[in-house]
Structures are given as structure tokens and as C-alpha cells.
Amino acid sequence: MKRVIVLVVLALLLTACNTSAAPDVPEQPVEDTPTPGPYPGDTPSPPKINAPLVEAPSLVSIRFLNSLDGWGVTETQVVRTNDGGITWYNVTPPDITEAGYSVALVALDNDHIWVHAPDFGNYPNSGFLYRTSDGGITWTSANVPFSSGDIHFLDAYNGWVLANLGVGAGSNAVAVHQTTDGGVTWTRQFTNDPNNADAGGSLPLGGLKSGIASANMQTAWVYGVVYSQGTVYLYRTDDGGLNWSEATLPLPPDAEHFELSIDQDQMKFVSPTDGFIAMRLTGDTYQLAVYVTRDSGSTWVLTPTLIPDGGSADFMSAEEIIIYNGNQFYVTRDAARTWSIIPPDVKFGDVYAGMDFSDPGTGWVITLDPNNHRSLYKTGDGGATWFPIVP
């Protein structure tokens, strides 16, 4: 009996020893498989815009705000893109069924856009101005006292328009209006139309007016051409458009042998103090003279280089300009003190119909071939290489 008890006790002691020699191992947690992150350099796809898609729009004009966001006008629609021009959406304001060159689009930023259409039943004294503050999802409209003109907004509320009232025999009647409520109402500041009893003479009737450029709501310029050698049409106001005086520019050598003109959008203020003028010299040859101001237009400096063969300029910042002269692109990053010449791999030639650059590297060109087919090309290297994004 004693032997049985001893054996039981030994068995219990051995069990205890084995338990202490092999402690419990805590259970290891199960790790989730990590989700791969984006590959370095990947660009997220832009969000879809709540509007109908447009396949291959035939663009008449474009305005890009950055490398992705842009707006355009076709013969019948107002369209926008948020992927650099690959995908387009129809954001046409209600009641617009015809667009093309008769419609003016003004883009302040990607939310605040204005579209002006003429009232052909009361031309040139009436039009329709559509405004959006949500990127074209919704629009409001207002009747305005002009059918066509050069419209500019300084911010979401304050703007100018040089309204075209008619051309004849080298003369051009115009009216200058201002708005302070985003385009809902406009106040006429000046007119030189001889059919109006209150017509003024400080902005001469003679000469064709291309556009208006404003530094603020008091100071602005009206520019154009008078078809007289050595003379440029350039007038300035400092009282909100009530009175105008002739402005002078330092002219290039031999300018007296050239017709001098400033075309539409070839004068621009990129800030309240910084502005540019691209003046065309037309004679036995074509050239483009570039002027710079840093003091809101009190003084203008003629920059050193005359661009051969004329051309059109796109002003992007106080230092950056791109000019296309029909053969190659001229790029400056130091306010026209020096230029880089970039020959494109696509010879646009006679099919070139307009351009817009968002920065010195990224730009778009509209082409129009003899069959009236429009295409959109894009560059990412300042104009050296181009590829069609709307064939």
C-alpha cells in the first residue's frame, strides 16, 4: 500500500516539473497584408465632372488655367476639361444653341466663368451674360447693354468692357462700361459714338480699337491701330474711364516706316503693377516689339529683342512670356531680357489657329485645316514636341 502511494506522489511531481519547464507561448497576432501604395510618380485620376461627356470637340477657342483645368468654346457648346484636354464635358449655359466666334468666354479661375452672347435682335446695344461660380454646373444670366466687346474681370465682382458699337471708314465707335457686382449690372462710363448726345472726344473715333487692359478699377488702356506709319493707338484713363489721354511708348528704330498695331489680348496686366504690350510692326518685314511695365503703366520699357515675323504672345506671369511667330516658339523667363528659341517638331504653318500656355512648359495649339477640321495639340516641353489630344 505504501508503495502505491509513493508512485502516485512521484507521478504528480514529474507532471509539475514538466509543466514549469515548458511555459505557455503567447499566440502570435495575424498581420494583414499591406495594401500597395501608389507607384512613385503616379498622378491620381481627376474626379469626374457632373456634366455630359463630349467626344472630340471641335474647339474654336481655349483658356487653360493650369496644366489640367481648361475651358473651351465650340460652334455650339461651352466645354471644360480637368485632365489637360483629353476628356471634355459639356457645361453650356442654358439657352445657348450657337457659340463659335460670336461668344466670349472669360475665365477668372476654375469656378468663376462668364460667357457673353450677343442679342442679334438689338445689335449692338444688347446681349446676354451668363455667370457661374461652381465651375459650370449652374449658371445665372443677365441682360447687358452691349452685344460684343472685350471683357475683363479683376476679381469675382469688378470688371470692364470695351463694347464695340460699329466700324466704318477707318473709325470705330465704342463704349466703356464697368461692373462691381460680377456682371449683373453695368454702368457706362464713356462713349465716343456720335449718335449719342453725350458722346465724348477724349477717346478718338478714328482708329480701330482692339481691346482694353486694366490695372485696377481706375486705370485702364484702350489699344488698337490707326493705319498710320509710326503711330500707335494707345489711350489711358485714370478716373475709371470718364476721361482719356493719349499714351506714348518708346519706339524701336525706324518705327516711322512701319504701321504699328496692338492686337486683341496683346496687352495684359498679370498683376496690379506688372504688365506687357506686344506691338506689331508691319512694313517690308514683320516684327514684334515687347514692352514691360513694373509700375502699373506709368512707364513702359522697350525690351531688347524684336521678334522676327511678328507673331502672337501669351503672357503667363511677371517674368514668363511665350511668342509663336509662325515658325518657332520664343520663350522668356526673365521678362523679355533674354529668349530661348524652340523649333517645334510639328510645322503648324497655315493651319495654326490659336494657342494657350499655362506655364512655359505646358501649352496647347488649335489647328484648322483647309477642310475646316479642328484639332488640339499639346506640348509638355515648352513647344519642342507636340502630340494631338483631339485629333
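Structure report, in brief. The structure presented is a predicted model; accordingly, all values stated were derived computationally and were not measured.

**Topic: unusual backbone geometry**
With the exception of glycine, most residues fall at negative phi, and the peptide bonds are largely trans.
In step 1: Omega for the bond connecting Tyr123 with Pro124 falls within 30 degrees of zero, at 5°, which places this linkage in the cis form.
In step 2: Examined against the element boundaries, Pro124 turns out to sit in the loop between strand 7 (113–118) and strand 8 (127–132).
In step 3: At Tyr227, a position not held by glycine, the phi torsion is positive, near 55°.
In step 4: Its location among the elements puts Tyr227 in strand 15 (residues 220–229).
In step 5: Taking the relative accessible area as the measure of exposure, Tyr227 reaches 52% and is therefore exposed.

**Here we look at the pairing of strand 6 (residues 104–107)**
In step 1: Where strand 6 meets strand 7, four bridges bridge the pair, whose relative direction is antiparallel. If you follow Leu105 over to strand 7, its bridge partner there is Val115.
In step 2: Counting the residues in the hairpin turn of strand 6 and strand 7 gives five residues.

**A short note on the sheet that holds strand 8**
In step 1: Strand order across the open sheet formed by four strands is 6-7-8-9, with antiparallel pairing between neighbours. Lying at the two open borders of the sheet, with one neighbouring strand each, are strand 6 and strand 9 (140–144). Across this sheet, the average inter-strand angle for adjacent strands is 20°, counted without regard to direction.

**Some words on the side chain of Asp314**
In step 1: With respect to the secondary-structure elements, Asp314 resides in strand 24 (residues 312–315).
In step 2: Of the buried charged residues, Asp314 lacks a salt bridge, with Lys268 as the closest side chain of opposite charge at 5.3 Å.
In step 3: If sequence neighbours within four positions are ignored, Asp314 has contacts with Glu320, Ile321, Ile322, Met355, Asp356 and Phe357.

**Regarding the sheet that holds strand 26 (residues 329–332)**
In step 1: Spatially, four strands are ordered 24-25-26-27 in an open sheet, and the strand pairing comes out antiparallel. The open sheet is flanked by strand 24 and strand 27 (340–342), the only strands paired with a single partner. Pairs of neighbouring strands in the sheet enclose a mean axial angle of 20°, with direction left out of account.

Quick notes on the rules
Residues numbered from 1 in each chain as written. Predicted model: local features only at pLDDT ≥ 70, side-chain atom pairs only at ≥ 80, totals over all residues. Heavy atoms only, no water. Helix = DSSP H or I, 4+ residues; strand = E, 2+ residues; numbered from the N terminus. Buried < 20%, exposed > 50% of the residue type's maximum accessible area, 1.4 Å probe, protein only. Pairing = 2+ DSSP bridges. Axes fitted to C-alpha atoms, helices over the stretch in contact; angles between N-to-C directions. Lys, Arg positive; Asp, Glu negative; His and termini not counted. Salt bridge = Lys/Arg side-chain N within 4 Å of Asp/Glu carboxyl O. Contact = heavy atoms within 4.5 Å.

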